[in-house]
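A closer look at the structure
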Amino acid sequence: ELEIALKLGSDLPQPMPDDDTLPWTRSFDTKLLAAMAANVHGRLGDARSAMDAAEWAMRSLGHEQVKTRAIVLAEVACAAARVGQLDLVAQSAFEAADLADALEVTLARRKLRRLLPMLTPYRASVVARRVVERLDGQ
């Protein structure tokens, strides 16, 4: 079913101002779809597919500092944690947390809070401890 969702969503248009897109769907685009796919693959234990989808999501991001970027990065951080890619966890979680704070992105904050228990198996890692310290209180 994930493959069907990816196939159907691969051509999602980028919402534009005044295009009659419903407010609650404006942030759903191919970047978010890719990040969600990474998380699903991570939940299924498919590290290769999770990292492929995470890479797709990261490549799709522009440089704009917007709420969608925070959500995509938080989703990628969760996917990376599920498969033990701690450097990607740190990279994406730190930026997501900064954007979530600056732009008040509640959904990204929630996703980052869910990341904390996923890092428990890696508590001996300096990288994991730095992420936990940064996210503590999100």
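Residues numbered from 1 in each chain as written. Predicted model: local features only at pLDDT ≥ 70, side-chain atom pairs only at ≥ 80, totals over all residues. Heavy atoms only, no water.

Below, the discussion takes up a positive patch on the surface. Where like charges cluster on the molecular surface, the positive patch consists of Arg43, Arg110, Arg113 and Arg114. If one sorts the elements of the positive patch by residue count, helix H6 (residues 106-118) sits on top with 3 residues. Residue Arg114 is classed as partly exposed on the basis of its relative accessible area, which comes to 47%. (Patch = residues over 30% accessible without salt bridge, like charges linked within 9 Å, V, L, I, M, F, W, Y side chains within 5 Å. Areas by Shrake-Rupley, 256 points an atom, 1.4 Å probe, with all protein chains shown as cover. Salt bridge = Lys/Arg side-chain N within 4 Å of Asp/Glu carboxyl O. Lys, Arg positive; Asp, Glu negative; His and termini not counted. Charge placed at Lys NZ, Arg CZ, Asp CG, Glu CD. Helix = DSSP H or I, 4+ residues; strand = E, 2+ residues; numbered from the N terminus. Buried < 20%, exposed > 50% of the residue type's maximum accessible area, 1.4 Å probe, protein only.)

If you trace the backbone, Arg69 turns up in helix H4 (residues 67-82). Accessibility expressed as a relative area gives 11% for Arg69, which makes it buried.

Moving on, we come to the environment of Arg109. Here Arg109 is to be found in helix H6. For Arg109, a relative accessible area of 24% translates into the label partly exposed. Taking the C-alpha atoms as reference, Arg109 lies 9.6 Å from Gly137; in sequence the two are 28 residues apart.

A few words on the packing of helix H2 (residues 30-43) against helix H3 (residues 47-60). Running from N to C, H2 and H3 point in directions that differ by 160°, and their axes come no closer than 7 Å. What the angle tells us is that H2 and H3 run roughly antiparallel. For the pair H2 and H3, the sense of crossing is left-handed. In this structure, H2 uses Thr30, Lys31, Ala34, Ala35, Ala37, Ala38, His41 and Gly42 to contact H3, whose residues at the interface are Ser49, Ala50, Ala53, Ala54, Trp56, Ala57 and Ser60. When grouped by side-chain class, the residues that make up the contact of H2 with H3 number 9 nonpolar, 5 polar and 1 charged. (Axes fitted to C-alpha atoms, helices over the stretch in contact; angles between N-to-C directions. Parallel < 35°, antiparallel > 145°, perpendicular 65-115°, else oblique. Left-handed = near helix turned anticlockwise from the far one by under 90°. Contact = heavy atoms within 4.5 Å. Nonpolar A, V, L, I, M, F, W, Y, C, P; charged D, E, K, R; others polar.)

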